[in-house]
Amino acid sequence: MKYYVGVDGGGTSCRARICNLQGNILGEAKTGSANILLGGQIAMASVQDAIATAAAQAQLTEGDYSQMSVGLALAGAEQKQAWYDFMVLPHPYAAITMNTDAYGACLGAWRGKEGAILIAGTGSCGILLKDNRQHVIGGREFPISDQGSGAIMGLRLIQQVLLSVDEIVPHTPLAQRVMAHFNHDVDAIVTWSKTARPCDYGQFSPAIFAHAAQEDSLAVELLKQTAADIEMWLSALIRRGAEQICLMGSIGERIRPWLTPPLQAKLAEPQGDAMDGAIAMAQTGNHNLFPPEV
């Protein structure tokens, strides 16, 4: 083994980082979605694309893949059958180890030590590593879980926009912006919704934050709901024994001012990211979420 590779894959993007045995970063890249519940083949393609791009940066060739130990921190890995289906897919690497994106993020955030995190990105999930046990809250995928995420925020936005079209709630500038995105065609929204993925809903989250800064009433209400959801998850982790929590992800990083002061006081800065955690997984190889099939 000459290289350790850490991969962080979620509903929106897949990031890969390649290190040598001394821990020096050789290359890093980002590609498309790697949520294994959206298709193992699609996720594997994103993983391999990200690793190949990072390898090109490091001036490595396909011949070097067989000397790579790969740690995978992937969304959807908590679903047992999906985990096993993914792990039997062919790949060119010496070894792969897979756990959830939350597990990888927690390892990275606390430099391999015990601790707690809450990821609020396209999806959401909380995890506490304590007394050699893994406590997971949420993370059961959109639309039945993922409260506090960009996907749920986007879903609520679309629902409110349609209500505004029916003149049930105010048609704010944010609602107007969403309607313009769909060329002011309600039928286009309905058609889009039939195949829309979590990341498609999550794409509207930057606009929500931007309009909230301009005191758009719809945007403000959506962020208040999202903050309440995130506080629900934070409180659940605290009840399970978390003393401090790293709040991570694209939504988590921006929602802090909307949280109550007591919960803001419980937040800690992460010491690393999910790719760091995935590299730690690759180094020891004993982090698989489920036992390999014999």
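Residues numbered from 1 in each chain as written. Predicted model: local features only at pLDDT ≥ 70, side-chain atom pairs only at ≥ 80, totals over all residues. Heavy atoms only, no water.

Draft legend 1. Expanded view of the overall build of the protein. Each helix and strand counted, the protein has twelve helices and ten strands in total. A buried classification covers 55% of the 294 residues belonging to the protein. For the protein, restricting intrachain contacts to residue pairs at least 6 apart in sequence, the fraction spanning at least 24 positions comes to 63%. Each charge class in the protein was averaged separately, 20 positive and 28 negative side chains, and the resulting centres sit 7 Å apart. (Helix = DSSP H or I, 4+ residues; strand = E, 2+ residues; numbered from the N terminus. Buried < 20%, exposed > 50% of the residue type's maximum accessible area, 1.4 Å probe, protein only. Contact = heavy atoms within 4.5 Å. Lys, Arg positive; Asp, Glu negative; His and termini not counted. Charge placed at Lys NZ, Arg CZ, Asp CG, Glu CD.)

Draft legend 2. Up close: the packing of helix H4 (residues 150-165) against helix H6 (residues 186-193). The contact between H4 and H6 brings their axes to 11 Å, and the two run at 155°. When the axis of H4 is compared with that of H6, the two are roughly antiparallel. Crossing handedness for the pair H4 and H6: left-handed. For the pair H4 and H6, contact is made by Ile158, Leu162 and Val165 and by Val186, Ile189 and Trp192, respectively. When its residues are assigned to classes, the contact of H4 with H6 shows six nonpolar, no polar and no charged. (Axes fitted to C-alpha atoms, helices over the stretch in contact; angles between N-to-C directions. Parallel < 35°, antiparallel > 145°, perpendicular 65-115°, else oblique. Left-handed = near helix turned anticlockwise from the far one by under 90°. Nonpolar A, V, L, I, M, F, W, Y, C, P; charged D, E, K, R; others polar.)

Draft legend 3. Molecular detail of the sheet that holds strand S2 (residues 14-20). Read across the sheet, five strands follow the order S3-S2-S1-S4-S5 without closing on themselves; strand pairing throughout is mixed. The sheet is open, and its two edges are formed by strand S3 (25-31) and strand S5 (95-100), each paired on a single side. Across the sheet, the mean angle from the axis of one strand to that of its neighbour is 15°, orientation sign disregarded. As paired elements, strand S1 (residues 3-9) and strand S4 (residues 68-74) share seven bridges and run parallel to each other. (Pairing = 2+ DSSP bridges.)

Draft legend 4. Structural context of the pattern of salt bridges. Here the structure, examined in full by the defined rule, presents seven salt bridges. In this structure, Arg156 engages Asp229 in a salt bridge whose closest nitrogen and oxygen atoms are separated by 2.9 Å. Separated by 73 residues along the polypeptide, Arg156 in helix H4 and Asp229 in helix H9 (residues 217-239) bring together distant segments of the chain. Where salt bridges share partners, they join Arg17, Glu28, Asp273 and Asp276 into one cluster. (Salt bridge = Lys/Arg side-chain N within 4 Å of Asp/Glu carboxyl O.)

Draft legend 5. Examining the nonpolar core more closely. Of all hydrophobic cores here, the largest spans 45 residues; its most connected members are Leu118, Leu157, Ile158, Leu174, Ile208, Ile230 and Leu234. For this core, the secondary structure elements donating two or more residues are strand S6 (115-120), H4, helix H5 (173-181), H6, helix H8 (205-213), H9 and strand S9 (245-248). At eleven residues, the largest contribution of residues to this core is made by H9. Those residues in contact with Leu174 that sit more than four places away from it in its chain are Leu157, Ala207, Ile208, His211, Asp216, Leu218, Ala219 and Leu222. Judged by nonpolar contacts, the second largest core, of 33 residues, contains Ile18, Ala29, Val70 and Met98. (Core = buried A, V, L, I, M, F, W, Y, C linked by side-chain atoms within 4.5 Å.)

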